[in-house]
Amino acid sequence: MAGAAPSKSRLRADARRNSEQIRAAAIGAFQGQGLTVPLEEVAKAAGVSKATIFNRFGGRIGLIEAVIEEVVASELFAVIDHTRTIDDVGERIAYYLTAIRDLQYRQPAFNDVLLQTYPHSQQLMEICRVGSEANEELIAAARASGALRPEFTAADLHALVVDNALALKHGKRPPRDDYDRRTIYLLDGIRGRSSPSGER
């Protein structure tokens, strides 16, 4: 019937479609540019208005929390889980630090999480808490085994990762080969004397 109001089911379907489009656009934008990407770009990619993002998700924090599992958390938690399966502590450290630095290089959003860019997001802060616990667990085991320099602490690892996040977010992005070479230098610098590569 001409001029008839849309049905409730049609409105619900439109709302679901808008939400799905926004989620997909946000995942792509956050993974490519980080969590600080202008919401106007997300809205444009989703084919909706910025106001629609606020209507559906309540703003940037709500949108981040709706997609952070796909953007960062699932991959980070997979790294942590795999790290715990490695028997040799030295290999565990090498895998973990290499994987974290790889994630930092590929995923700008991960650096925003590490830098706690949005501290009002409970999910982002929970990711930071889980990561901090993994760091402390790993460093304690590595120091006890002699795989790390005895003076190297979990706070040192945290500082190295955060410094790298700041450099990648605000500085010039290095070529991948140079970046990976520096990861090797970093690992060589923190290894203990009992590590196969730690003899000096």
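Scroll up to find the structure this text is about.
Residues numbered from 1 in each chain as written. Predicted model: local features only at pLDDT ≥ 70, side-chain atom pairs only at ≥ 80, totals over all residues. Heavy atoms only, no water.

Novice: What am I meant to see in the environment of Ile93 here?
Specialist: Secondary-structure assignment places Ile93 in helix α5 (residues 89–106). Sequence spacing of Ile93 and Ala141 is 48 residues, and the spatial spacing of their C-alpha atoms is 9.6 Å. Ignoring any residue separated from it by four or fewer positions in sequence, one finds Ile93 in contact with Leu138, Ile139, Ala142, Leu148, Leu187 and Ile190. (Helix = DSSP H or I, 4+ residues; strand = E, 2+ residues; numbered from the N terminus. Contact = heavy atoms within 4.5 Å.)

Novice: Just checking my understanding: could you explain the environment of Ala155 for this structure?
Specialist: The residue Ala155 is located in helix α8 (residues 154–170) in this model. Linking Ala155 and Asn18, residues 137 residues apart in sequence, is a C-alpha distance of 43 Å.

Novice: What exactly am I supposed to notice about α8 here?
Specialist: Along an α-helix, residues three or four positions apart point the same way, because every turn accommodates 3.6 residues. With 17 residues, α8 should cover 24 Å at 1.5 Å per step; its first-to-last C-alpha distance of 24 Å lies within 8% of that length. Two or three places before Ala155, at the start of α8, stands the capping residue Thr153, its side-chain oxygen 3.3 Å from that residue's backbone nitrogen. (Expected span 1.5 Å × (residues − 1). Polar contact = N/O pair within 3.5 Å; in protein donor to acceptor, adjacent residues only side chain to side chain.)

Novice: Would you mind showing me how to read the pattern of salt bridges here?
Specialist: A pair can form between side chains of opposite charge whenever their charged atoms are brought close. Within the structure shown, the criterion is met by 13 salt bridges. Among the salt bridges present, the one from Glu126 reaches Arg129, with a minimum N-O distance of 2.5 Å. Residue Glu126 and its partner Arg129 are located together in helix α7 (residues 122–145), separated by 3 residues, close to a single helical turn. Look at Glu126 and you get partly exposed, because its relative accessible area is 36%. Between Arg129 and Glu133 there is a salt bridge; the shortest N-O distance is 2.6 Å. (Salt bridge = Lys/Arg side-chain N within 4 Å of Asp/Glu carboxyl O. Buried < 20%, exposed > 50% of the residue type's maximum accessible area, 1.4 Å probe, protein only.)

Novice: Would you mind going over the nonpolar core with me for this structure?
Specialist: Soluble globular proteins: nonpolar side chains tend toward being buried together. By size, the foremost hydrophobic cluster in this structure holds 54 residues, and its most contacted members are Phe30, Leu35, Leu63 and Ile68. At 10 residues, the largest contribution of residues to this core is made by helix α4 (residues 60–83). Excluding residues that lie within four positions of it along the chain, Ile68 makes contacts with Leu35, Ala73, Val113, Gln123, Leu124 and Ile127. (Core = buried A, V, L, I, M, F, W, Y, C linked by side-chain atoms within 4.5 Å.)

Novice: Whenever I open this one, unusual backbone geometry confuses me. Can you help?
Specialist: Residues apart from glycine generally show negative phi values, whereas peptide bonds are mostly found in trans. For Gln116, which is not a glycine, the phi torsion comes out positive at approximately 50°. Position of Gln116 among the secondary structure elements: in the loop between α6 (108–114) and α7. Overall, the relative accessible area of 37% leaves Gln116 in the partly exposed class.

Novice: I keep staring at the packing of helix α2 (residues 39–46) against helix α3 (residues 50–57) and nothing clicks. Help me out?
Specialist: When two helices pack together, their arrangement is given by the angle between the helix axes and by the axis-to-axis distance. The N-to-C vectors of α2 and α3 enclose an angle of 95°; their axes lie 8 Å apart at closest approach. On the basis of the axis angle, α2 is roughly perpendicular to α3. Residues Leu39, Glu40, Val42 and Ala43 of α2 touch α3, and the partners they reach there are Lys50, Ile53 and Phe54. (Axes fitted to C-alpha atoms, helices over the stretch in contact; angles between N-to-C directions. Parallel < 35°, antiparallel > 145°, perpendicular 65-115°, else oblique.)

Novice: What's the story with the packing of aromatic side chains in this structure? I'm lost.
Specialist: The description of two aromatic rings rests on the distance between their centres and on the angle between their planes. Under the defined criterion, the tally for this structure stands at 1 aromatic pair. Look at Tyr105 and Tyr179: their rings are 4.7 Å apart centre to centre, the planes differ by 45°, and that puts the pair in the tilted class. Here Tyr179 lies in helix α9 (residues 176–190) and Tyr105 lies in helix α5, a separation of 74 residues in the sequence. The pair formed by Tyr105 and Tyr179 is uniform in burial state, with each residue classed as buried. The ring of Tyr179 has Arg101 sitting right over it, with the charged end atom 4.4 Å from the ring centre. Geometry around Tyr105 places Arg173 over its ring, the cationic atom sitting 3.8 Å from the centre. (Phe/Tyr/Trp six-rings, centres within 6.5 Å; stacked < 30°, edge-to-face > 60°. Lys NZ or Arg CZ within 6 Å of the ring centre and 35° of its normal.)

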